Amino acid sequence: MKKIWSTILATLMLVVLIAPVAFAADDAAAATIDTGDTAWVLISAALVFVMTPGLAFFYGGMVRSKNVLGTIMQSFFIVALISVEWILIGYTMAFGTDVNGFIGNLDKIGLAGVGLNVLTNGTIPELAFVAFQCMFAVITPALITGAFAERMRFPAFVMFILLWAIFIYNPMAHWVWGGGFLASLGALDFAGGLVIHILSGVSGLTICLMLGKRRGYGKSPMLPHHLPMTVLGASLLWFGWFGFNAGSALGANALAANAFVTTQAAAAAATLSWVVAEWFHNGKPTILGAVSGCIAGLVAITPAAGFVEPLPAVIIGLVGGVVCYFAVAIVKAKLGYDDSLDAFGVHGIGGTWGAIATGLWATTKVNPAGADGLFYGSSDLIVAQLISIVVAYVLAIVGSFVLIKIVGLFMKVRVDEDEEVSGLDLSEHGERGYAQSFVAGSSFFDTSDGSAMAMQQNLHAGESDIK
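Anyway, here's the lowdown on the structure attached to this text. Remember, it's a predicted structure, so these values are computed and weren't measured experimentally.

With that settled, the discussion passes to the pattern of salt bridges. Considering all chains together, one arrives at 13 salt bridges under this definition. Between E417 and R215 there is a salt bridge, with its nearest N and O atoms 3.2 Å apart. Pair noted here: E417 is in helix 14 (residues 417–422) and R215 is in the loop between helix 7 (193–211) and helix 8 (227–246), with a separation of 202 residues, a long-range link. We classify E417 as exposed; its relative accessible area is 53%. Three or more residues joined by partner-sharing salt bridges are found here, namely R64, E150, R151, R214 and D338.

Before going further, it helps to spend a moment on the environment of S65. With respect to the helices and strands, S65 occurs in the loop between helix 2 (35–62) and helix 3 (68–95). Relative accessible area serves as the criterion here: at 17%, S65 is assigned to the buried category. Each C-alpha atom of the pair S65 and L223 lies 9.7 Å from the other, and the pair is 158 residues apart in sequence.

It is at 9 Å that the axes of helix 11 (residues 310–335) and helix 12 (residues 343–361) come closest, and there the two elements cross at 150°. Regarding helix 11 and helix 12, the two cross each other, and that crossing is right-handed. For the pair formed by helix 11 and helix 12, the contact residues are P312, I315, I316, V319, G320, V323, C324, A327 and V328 on the first element and G345, V346, I349, G350, W353, A357 and W361 on the second. For the contact of helix 11 with helix 12, a count of residues per class yields 13 nonpolar, 3 polar and no charged.

Attention now goes to the packing of helix 9 (residues 254–282) against helix 11. Two elements in contact, helix 9 and helix 11, have axes separated by 7 Å at closest approach and are oriented at 40°. As far as their axial angle goes, helix 11 and helix 9 are oblique. By crossing handedness, the relation of helix 9 to helix 11 is classed as right-handed. Residue classes in the contact of helix 9 with helix 11 are distributed as 16 nonpolar, 7 polar and 1 charged.

Another aspect to go through is the packing of aromatic side chains. Evaluated as defined, the whole model comprises 19 aromatic pairs. Note on F95 and F129: the rings are 5.0 Å apart at their centroids and 80° apart in plane angle, and the pair reads as edge-to-face. Residue F95 is located in helix 3, and its partner F129 is located in helix 4 (residues 126–144); the two are separated by 34 residues in the primary sequence. Residue F95 is classed as buried on the basis of its relative accessible area of 13%. Clustering of aromatic rings is evident, with ring pairs tying together F132, F136, W177, W241 and F244.

The topology assignment puts T302 in the loop between helix 10 (287–301) and helix 11. Only 2.9 Å separates the side chain of T302 from the side chain of W241, close enough to count as a polar contact. What T302 contacts, discounting residues up to four positions off in sequence, is F190, A191, G192, G193, H197, W241, F244 and N245.

The residue N121 is not glycine, and still its phi comes out positive at about 60°. In this structure, N121 sits in the loop between strand 2 (103–104) and helix 4. We note that L250 has phi near 60°; this positive angle belongs to a residue other than glycine. Inspection of the secondary structure puts L250 in the loop between helix 8 and helix 9.

Turning next to helix 11. Over its 26 residues, helix 11 extends 36 Å from the first C-alpha to the last, a length consistent with the 38 Å expected when each residue adds 1.5 Å. Maximum bend of helix 11: about 35°, positioned at A327. Those residues of helix 11 not exposed but buried are P312, A313, I316, G317, G320, G321, C324, Y325, A327, V328 and K332. Of the surrounding elements, those touching the buried residues of helix 11 are helix 9, helix 10 and helix 12. The positive-phi residue at the C-terminal boundary of helix 11 is G336, with phi of around 80°.

Definitions and cut-offs
Residues numbered from 1 in each chain as written. Predicted model: local features only at pLDDT ≥ 70, side-chain atom pairs only at ≥ 80, totals over all residues. Heavy atoms only, no water. Salt bridge = Lys/Arg side-chain N within 4 Å of Asp/Glu carboxyl O. Helix = DSSP H or I, 4+ residues; strand = E, 2+ residues; numbered from the N terminus. Buried < 20%, exposed > 50% of the residue type's maximum accessible area, 1.4 Å probe, protein only. Axes fitted to C-alpha atoms, helices over the stretch in contact; angles between N-to-C directions. Left-handed = near helix turned anticlockwise from the far one by under 90°. Contact = heavy atoms within 4.5 Å. Nonpolar A, V, L, I, M, F, W, Y, C, P; charged D, E, K, R; others polar. Parallel < 35°, antiparallel > 145°, perpendicular 65-115°, else oblique. Phe/Tyr/Trp six-rings, centres within 6.5 Å; stacked < 30°, edge-to-face > 60°. Polar contact = N/O pair within 3.5 Å; in protein donor to acceptor, adjacent residues only side chain to side chain. Expected span 1.5 Å × (residues − 1). Bend = angle between axes of the 7 residues up to and from the residue.

Have a look at this one:
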């Protein structure tokens with residue numbers, strides 16, 4: 001009998017000793033990092049990174065040659081500026097512990113405590129999520145620069161962009177993605193229609209209205225100086241957008257595949273509809289119209305990519321191309337505002353349409369974590385989307401207005417007239433994008449009597465108003 005009780009006691013002790021280890025093993029298994037998901041998110045982060053240099057080329061080709069470097073510099077510099085801001089304070093403001101639905105607290109300032117922890121309710125390291133979201137934080141203010149291209153001083157630009165990221169982007173990202181009040185309301189934004197495109201496009205419109213028109217706008221031609229560069233930039237944007245949307249699934253899974261296909265479908269459909277609209281309106285299809293339509297479709301599908309099926313994505317793209325073309329080619333011309341590179345017409349309007357479309361076509365058949373839209377039997381989502389759109393517009397308008405006024409208290413925001421005439425490449429950065437030279441060997445430019453030098457000076461003096 002004693003031997004039996006000894007055996008039972010020993011067994012119980014062994015169970016007590018082993019149980020915590022077993023439970024710990026179960027917890028570890030539940031928090032295991034999935035290497036496939038991690039690889040996809042890191043690759044997606046790299047794809048989204050490529051989008052900002054792509055945007056630099058996209059915008060750079062559309063400005064006049066005297067402003068190409070200044071325009072590219074704005075996007076390139078933002079990569080560095082916002083990456084540092086994101087690590088220091090941006091991530092914790094957007095994704096730190098929620099404070100009354102308004103902002104994240106500072107428990108992760110400087111990425112404190114993030115380490116190699118697994119993302120809550122995820123299968124990837126939190127640092128992978130930090131990297132992925134960093135690229136979103138980078139490209140969003142870069143989109144704004146298209147609205148005020150060719151007329152803002154670089155120091156004012158730097159100060160405004162930094163303040164905008166801290167006081168406008170970070171709170172909005174928390175409201176929608178970080179557990180804030182719009183998320184509690186039920187708003188859906190898979191990859192950034194509200195947080196990125198509406199916010200940047202409406203902010204851009206606000207700033208361009210505050211700065212005023214470029215010198216000669218509406219009187220002198222201000223045509224793109226290098227359309228092949230713009231096409232290259234658009235191609236890089238399209239390529240990177242697969243990481244932008246499909247990467248937002250945060251895993252190599254069926255949801256990522258759905259977002260990938262809906263992204264392609266909408267971009268292609270909007271390219272077609274923009275070109276057709278332009279063809280009927282102006283009589284000729286243009287490559288600038290084709291790439292603009294592509295971006296419009298990508299913008300429109302961004303909030304919906306992980307919530308809608310492929311066929312609605314085609315409809316979203318078709319409508320997005322036409323709506324954005326109307327905003328750019330007709331509304332802007334009628335109202336006369338100088339949104340230099342159509343940041344509002346494409347991103348503001350396209351993002352608005354995409355957020356509305358999400359409320360129409362979202363379905364839990366695609367994403368059980370989402371909601372059913374109006375066409376799937378529920379009106380709750382479209383109401384939440386409309387409220388969120390209004391919130392994004394108000395934040396962008398009021399916030400940008402206040403920030404530009406604050407920056408203006410400390411420095412001059414707009415370049416002087418003579419600096420604008422000579423171009424921001426020279427006046428702000430002291431360099432040229434292209435070598436200025438004449439064809440060698442031409443008798444027309446014979447320098448023996450000095451006439452060629454005088455002609456060159458006269459040409460440069462005249463070209464400043466048309467470049």
